[in-house]
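# Per-entry structural report
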Amino acid sequence: MFSNKEEFKKHFLQKLEMMCGKSFAESTKEDQFDTLGHMIREYVSTNWIKTNERYRSEDQRQVYYLSIEFLLGRLLLHNLINLGIDQVVEEGLCELGIDLDCMTEVETDAGLGNGGLGRLAACFLDSLASLGLPGHGCGIRYKHGLFEQKIVEGYQVELPELWLRHGQVWEVRKADFAVEVPFWGHVQAASDHERLSFHHMDAETITAVPYDVPMVGYHNDTVNTLRLWNAEPSLFPIHKDILKYKRETEIVSEFLYPDDTHDEGKILRLKQQYFLVCASINSIVKRYHVKHKDLRNLHRHVCIHINDTHPVLAIPELMRVLMDLGGLGWDEAWEITTQTISYTNHTTLSEALEKWPIRIFQPLLPRIYMIVTEINERFCHLLWERYPGDWNRIERMAIIAHDQVKMAHLALVGSFSVNGVAALHTEILKHREMKDFYEVFPQKFNNKTNGITHRRWLLKSNPELTSLITEVIGDSWVNKPEKLKELLKFHNDAAFLTQLQRIKQENKQHLAQIIKDQSGMIVDPSSIFDVQVKRLHAYKRQLLNVFHIMHIYNRLKEDPHYLFYPRTFIFGAKASPGYYYAKKIIKLINSVADKVNDDPDVRDKLKVVFLENYRVSLAERIFPAADISEQISTASKEASGTGNMKFMMNGALTVGTLDGANIEIRDLVGDDNIFIFGLNADEVLNYKGYHSIEYFHYDKRIRRIVEQLTNGFFSGVDDEFEAIYDSLLIENDQYFVLRDFDSYVQTQIAVGQTYEDRNKWLKMSLTNIAHSGYFSSDRTINEYARDIWKIKGAAH
Ligand SMILES: *Cc1c(COP(=O)(O)O)cnc(C)c1O
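Residues numbered from 1 in each chain as written. Predicted model: local features only at pLDDT ≥ 70, side-chain atom pairs only at ≥ 80, totals over all residues. Heavy atoms only, no water.

As annotated in an unreviewed UniProt entry, the protein chain carries the name Alpha-1,4 glucan phosphorylase and is attributed to Bacillus benzoevorans. According to the UniProt record, the Catalytic activity (unreviewed entry) comment for the protein chain reads "[(1->4)-alpha-D-glucosyl](n) + phosphate = [(1->4)-alpha-D-glucosyl](n-1) + alpha-D-glucose 1-phosphate". On record in UniProt, under Cofactor (unreviewed entry), the comment for the protein chain is "pyridoxal 5'-phosphate". (UniProt positions renumbered as here; feature names shortened; annotations may be inferred.)

Listed below in structure tokens is the structure:
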């Protein structure tokens, strides 16, 4: 459509006048963004249609990735790069006096996710399309994505977010593919032709309307689909009060739940889950019927993957469709369902395992509840045969127990594959958290270590590093990221290392500018940028990082000559609005920042920055500028982490515990190229007799810091940090912050010393970049495709 910049300019100007009804001179930045966005979507349409036709004619098995979250971020530049037209467009725009970088800033992030889990889903869609694999996303088109965070006087304030202002550019509404989703009502059994059938009576229905977003593959003409469902009133509601009904309907796709670790226990959340699942399964089956008659072959043509347990009702819903609509018997339907559904587990934190009280579940989803009850009974029967008399075990493993439906158990029983997201995590699932299930279904368990798309997290976010790499090893690494290993031969190349340093320095200057724009603060780009960005959670231990900063501050105050390489500590983190403790940690970080940044005694050595509103587009600026990656969760608690991989790929060195994928990073780069500290997972899980109070009594540094939480050291309210104080000393510090403190401080001393040997540091950085190809989500997706989904890419 535009192979050169002249053609592009012509199209762009024509399109702008047509779309906006304005001349170019009158147009705003937003007009220009919308114009380019629509041009790209149209440009993509041909290949979108062709890809669908190809999948249909080749009759390839299709994968549907069901996820309650897709944290996409911005799509403009990402799409331009994948289409291979970023340069033409950039040059064309430049001649019109438009800066492409400025234009990309107009786009609001599609923030339909909380953090790692949603971002993983987005990386997977990019890899699926870029590998030419027939895999599509199914999600919810939340009107408001994750809240926008402001920091006011050190506290988090949440503002509603409205991504759809600009997100609309990418989506296509497909009203003719709408699905009716039934809630409430009751089930009537009837026997016709000697067969029992079930009918859902007096249901209130909500219409699910799909909005399709094209997922553009990298330089390969493949365009897959992300289908986002919007909740709308049905045409003929049985209701009298139309306005009330409209309100109750639309709210289903209004908000993303701002928490991915705690079960909210809200009816609305369960409604969202069934809404996603029912709409997706029915549209998948409809598409299947275009070519195939017999539902008994469904599993040969379709694979449905559930991202954590939020979409686990796909299991009873598929049973319902196969039996109630398809007329199959239970055994046949069960056989097909359990060969169609695969499941990824994302956590071992017990408070995060979803459970729904029957009193909420049953009335809302009467037919689905019946089916779950039947699945449970048959499963318990199977257990009884295998473990006769072992009531304890059966009670532990049942899907329904103590008036609750256990979603993870349903997923384990109703799927053919269960995977963890890093080697350690999968081992913990097999031998601890899901030990009972592993004993019954060992063949289901497998590991798929997470990954990140190097196209967004290196090509797009760090173009200078990308160019340097391509300059020295050619560009074949872009399609085969494992080839980044070829960089190892520049280990002793002084000129190369100098380039590496220059690029890091420029990226740090860029981030320093963003910090200045956001907060007015001046930070020194030649100081060490020590970064912890991720959701705020007790197990991620931002508190340990803060304690280290307080310790350095205390030391510098005691001894102004204490040798300490200047550091800028950078945080970014959103706390779930209802997570009291996490919000106190945000306040603490900001209080420490105020204390430290205002103090002339430490001014040249220590700075603390809290960057507001951490999100994908900000993350893209942060990773390339980091020297240190803080991955300091209590060992065994972080399933994988993916932030750790983004840092590594951009040359930051990890300071971390042996947790999640940190272990695999260590295995690849070796102990000499990473800073490991603290308890390991076995030590945490088998710890006997921890008494945090002893660390408080016997370690003066700790006592001083913990006392500073409540002794007026921070100006303002005295009891502000009481909850933190109590968690450490009254609740015995369940995340071992005090236990790991000394080890962390020692390791940080080693970090500072290593940084002073700049040559050594750069070599370490190079080693990390060179081994980061393993963490491309292309590798992860190839493993899912080979081991779980059994699908192949198009030969091209
Ligand atoms: C990668 C990413 C995460 C996940 O970070 P972890 O350190 O793995 O918890 C969360 N939020 C955003 C915006 C990300 O890009």
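### Observations regarding the overall build of the protein chain
A count of helical and extended segments in the protein chain gives 33 helices and 25 strands. Expected size for 796 residues packed as a compact globule is a radius of gyration near 28 Å; at 27 Å, the protein chain falls within 12% of this value. A burial count over the protein chain gives 61% of its 796 residues as buried. Sequence separation of 24 or more characterises 76% of the internal contacts of the protein chain that already satisfy a separation of 6 or more. Positive and negative side-chain charges in the protein chain, numbering 92 and 109 respectively, have mean positions lying 2 Å apart. (Helix = DSSP H or I, 4+ residues; strand = E, 2+ residues; numbered from the N terminus. Rg over C-alpha atoms; globule rule 2.2 N^0.38 Å. Buried < 20%, exposed > 50% of the residue type's maximum accessible area, 1.4 Å probe, protein only. Contact = heavy atoms within 4.5 Å. Lys, Arg positive; Asp, Glu negative; His and termini not counted. Charge placed at Lys NZ, Arg CZ, Asp CG, Glu CD.)

### Things to note about the site of the ligand
By nearness alone, 13 residues border the ligand, and Lys534, Lys540, Thr642, Gly643 and Lys646 come closest of all. At 2.7 Å from an oxygen atom of the ligand is found a side-chain nitrogen or oxygen belonging to Lys534. Gly643 places a main-chain nitrogen or oxygen 3.0 Å from an oxygen atom of the ligand. Look at the ligand: alone it shows 390 Å² of surface, and the protein chains cover 95% of it. Taken together, the residues of the shell around the ligand sort by class into four nonpolar, five polar and four charged. (Near = heavy atom within 4 Å. Polar contact = N/O pair within 3.5 Å; in protein donor to acceptor, adjacent residues only side chain to side chain. Areas by Shrake-Rupley, 256 points an atom, 1.4 Å probe, with all protein chains shown as cover. Nonpolar A, V, L, I, M, F, W, Y, C, P; charged D, E, K, R; others polar.)

### Quick look at the pairing of strand β10 (residues 195-201)
Pairing analysis gives seven bridges linking strand β9 (residues 186-192) to β10, with the strands arranged antiparallel. Across the sheet, residue Asp192 finds its bridge partner in β10, namely Arg195. Here β9 folds back onto β10 in antiparallel fashion, the turn holding two residues, of which His193 has a positive phi close to 50 degrees. (Pairing = 2+ DSSP bridges.)

### Description of helix α21 (residues 494-519)
In this model, α21 (26 residues) spans 37 Å end to end at C-alpha, consistent with the 38 Å of a helix rising 1.5 Å per residue. Regarding α21, the residues found buried are Phe496, Leu497, Leu500, Ile503, Lys504, Asn507, Lys508, Leu511, Ala512, Ile514 and Ile515. Put simply, Asp493 is the residue that caps the front of α21, since its side-chain oxygen is 3.1 Å from the backbone nitrogen of Ala495. Of the residues one or two after α21, Gly520 is the one with positive phi, at around 80 degrees. (Expected span 1.5 Å × (residues − 1).)

### Concerning the packing of aromatic side chains
Under the criterion given, the structure shown has 27 aromatic pairs. When the centroid spacing of 5.1 Å and the interplanar angle of 40 degrees are considered together, the rings of Tyr687 and Phe736 count as tilted. Here the residue Tyr687 occupies a position in the loop between α27 (681-685) and α28 (692-698), and Phe736 occupies one in the loop between α30 (722-729) and α31 (737-756), the gap between them amounting to 49 residues. Look at Tyr774 and Phe775: their rings are 5.2 Å apart centre to centre, the planes differ by 85 degrees, and that puts the pair in the edge-to-face class. (Phe/Tyr/Trp six-rings, centres within 6.5 Å; stacked < 30°, edge-to-face > 60°.)

### Some points on the sheet that holds strand β16 (residues 400-401)
Taken together, the three strands give an open sheet; going across it, the order is β15-β17-β16, and neighbouring strands pair in antiparallel fashion. Each edge of the open sheet carries a strand with a single partner, namely β15 (355-357) and β16. Two elements, β16 and strand β17 (residues 404-406), share two bridges in a ladder whose sense is antiparallel. Within the sheet, the bridge partner assigned to Ile400 lies in β17 and is Val405.

### Things to note about the UniProt feature "modified residue: N6-(pyridoxal phosphate)lysine" (unreviewed entry) in the protein chain
As recorded in UniProt, the feature "modified residue: N6-(pyridoxal phosphate)lysine" (unreviewed entry) lies at Lys646. Along the chain, the position of Lys646 falls in helix α25 (residues 643-649).

### Side note on unusual backbone geometry
Glycine aside, a negative phi is what most residues show, and trans is what most peptide bonds show. The backbone of His402 shows a phi angle near 55 degrees, a positive value even though the residue is not glycine. Inspection of the secondary structure puts His402 in the loop between β16 and β17.

### A short note on the packing of helix α22 (residues 542-558) against helix α29 (residues 700-708)
Two packed helices can be described by the angle between their axes and the distance between those axes. With their axes 10 Å apart at the nearest point, α22 and α29 run at an angle of 105 degrees to one another. Here α22 lies roughly perpendicular to α29, going by the angle between them. Between α22, through Phe547, Met550, His551, Asn554 and Glu558, and α29, the contact on the second element is made entirely by Arg701, Arg704, Ile705, Val706 and Gln708. Residues that form the contact of α22 with α29 fall into these classes: four nonpolar, three polar and three charged. (Axes fitted to C-alpha atoms, helices over the stretch in contact; angles between N-to-C directions. Parallel < 35°, antiparallel > 145°, perpendicular 65-115°, else oblique.)

### Some words on the pattern of salt bridges
The full count for this structure, using the stated rule, is 49 salt bridges. A salt bridge links Arg621 to Glu105; its shortest N-O distance comes to 3.1 Å. Linking Arg621 in helix α24 (residues 616-622) with Glu105 in the loop between α5 (100-104) and β3 (110-112), this pair joins segments that are 516 residues apart in sequence. A relative accessible area of 29% means that Arg621 is categorised as partly exposed. (Salt bridge = Lys/Arg side-chain N within 4 Å of Asp/Glu carboxyl O.)

### Comments concerning the nonpolar core
In terms of nonpolar packing, the biggest core is built from 192 residues, with Phe12, Leu36, Phe275, Leu313, Phe361 and Trp789 touching the most fellow members. Here this core takes 11 residues from helix α9 (residues 267-291), the largest share from any one element. Those residues in contact with Leu36 that sit more than four places away from it in its chain are Phe8, Phe12, Leu76, Val89, Leu93, Leu100 and Met103. (Core = buried A, V, L, I, M, F, W, Y, C linked by side-chain atoms within 4.5 Å.)

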